[in-house]
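Coordinates in review
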Amino acid sequence: MPKYLTEFIGTFFLVLTIGLTTLAETPLAPLAIGSVLMVLVYMGGHVSGAHYNPAASLAIMLRGKLRGKELVPYLVAQLAGALAAGILVFATVEGTFAPAPDPGVSSYAAVLIEVFYTFILCLVILNVATAKTTEGNSYYGLAIGFTIAAAMIAGGPVSGGVFNPAVGTGPILIHALLGDGSFGDLWLYLVGPLLGGALAAGVFKLQGVE
């Protein structure tokens, strides 16, 4: 239970920060989101591994550091946190939000950005948070937080900058139910990140890291 509670809390505050900065059109949103992810990783790393991302959980399971039977409870906790955050955003600022690619970007281009930036995010996670050679380091939260900030700055204008199926699913579901959104873009934020996470696990094995 402590693991799943931690995954819920971490995903909740990650999505809450995304929602509030998105609706406020905060120029420094990627920095705020990367920073909150960094501190949440330090908060929960020693409890649950601080995944807060189904793609990361998939990569870590394929890497052999998460038991297969724990994957679904992790995903449920993460999705529940994302949904709760979307509801709180609606209740406090009376708005819904949902990621979407730039109108001039093809679905093909958007999903590729989601694949490759999720790939590098998960590869960083696997190397700094699961490898014996980096065990006990103090920089893992910084590495993960700055990776997502860079990914959002570079890839956000193209794909919407999700790189996390929970971040895509929760807000899109709330936007569709309580706002005026649809589920049309949801597949981008499921297929792209999950492929990226699986690819990262494969490349990590090729790196020969223990």
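Residues numbered from 1 in each chain as written. Predicted model: local features only at pLDDT ≥ 70, side-chain atom pairs only at ≥ 80, totals over all residues. Heavy atoms only, no water.

The final tally for this structure, using the stated rule, is five aromatic pairs. Judged by centre distance (6.2 Å) and plane angle (15°), the rings of F8 and F12 are stacked. Taken together, the positions of F8 and F12, both in helix α1 (residues 2–23) and four residues apart, correspond to about one turn of that helix. Measuring from ring centre to ring centre gives 5.1 Å for Y42 and Y140, while their planes differ by 65°; the resulting arrangement is edge-to-face. Taken together, the residues span a long stretch of sequence, with Y42 in helix α2 (residues 29–44) and Y140 in helix α6 (residues 140–159) at a distance of 98 residues. (Phe/Tyr/Trp six-rings, centres within 6.5 Å; stacked < 30°, edge-to-face > 60°. Helix = DSSP H or I, 4+ residues; strand = E, 2+ residues; numbered from the N terminus.)

In terms of nonpolar packing, the biggest core is built from 50 residues, with L14, L37, V41 and I144 touching the most fellow members. Top contributing element to this core by residue count: helix α5 (residues 107–129), with ten residues. (Core = buried A, V, L, I, M, F, W, Y, C linked by side-chain atoms within 4.5 Å. Buried < 20%, exposed > 50% of the residue type's maximum accessible area, 1.4 Å probe, protein only.)

With the rule as written, the count across this model stands at one cavity of 30 Å³ or more. Its volume calculated, the largest cavity comes out at about 160 Å³. Around the largest cavity, the lining is made up of 20 residues, and of these L14, L37, N53, I148 and N164 lie nearest the centre. Across the lining of the largest cavity, the residue classes tally to 16 nonpolar, four polar and no charged. (1 Å grid on protein atoms, 1.4 Å probe; cavity = no way out; pocket = protein on both sides within 12 Å on 5 of 7 lines; lining within 4 Å. Points joined across faces, edges and corners; volume = space filled by probe spheres on them. Nonpolar A, V, L, I, M, F, W, Y, C, P; charged D, E, K, R; others polar.)

Along an α-helix, residues three or four apart share an orientation, since each turn contains 3.6 residues. At I153, α6 shows its maximal bend, which comes to roughly 40°, and the proline P157 appears one to four places after that position. Of the residues making up α6, those classed as buried are Y140, G141, I144, G145, T147, I148, A149, A151, M152, G155, G156 and S159. (Bend = angle between axes of the 7 residues up to and from the residue.)

Relative orientation of the contacting elements helix α7 (residues 165–178) and helix α8 (residues 186–207) amounts to 165°, with a least axis distance of 8 Å. Here α8 runs roughly antiparallel to α7, going by the angle between their axes. Relative to α8, α7 is oriented so that their crossing is left-handed. Of the residues in α8, those in contact with P165, G168, T169 and I172 of α7 are L186, Y189, L190, P193 and L194. Split into classes, the residues belonging to the contact of α7 with α8 amount to seven nonpolar, two polar and no charged. (Axes fitted to C-alpha atoms, helices over the stretch in contact; angles between N-to-C directions. Parallel < 35°, antiparallel > 145°, perpendicular 65-115°, else oblique. Left-handed = near helix turned anticlockwise from the far one by under 90°. Contact = heavy atoms within 4.5 Å.)

At a closest axis distance of 8 Å, the pairing of helix α3 (residues 54–63) and α8 adopts a crossing angle of 30°. Between α3 and α8, the crossing angle belongs to the class labelled roughly parallel. Crossing handedness for the pair α3 and α8: right-handed. Residue-level inspection shows P54, A55, L58, A59, L62 and R63 of α3 in contact with α8, the latter providing P193, L194, G197, A198, A201, F204 and K205. Across the contact of α3 with α8, the residue classes break down as ten nonpolar, one polar and two charged.

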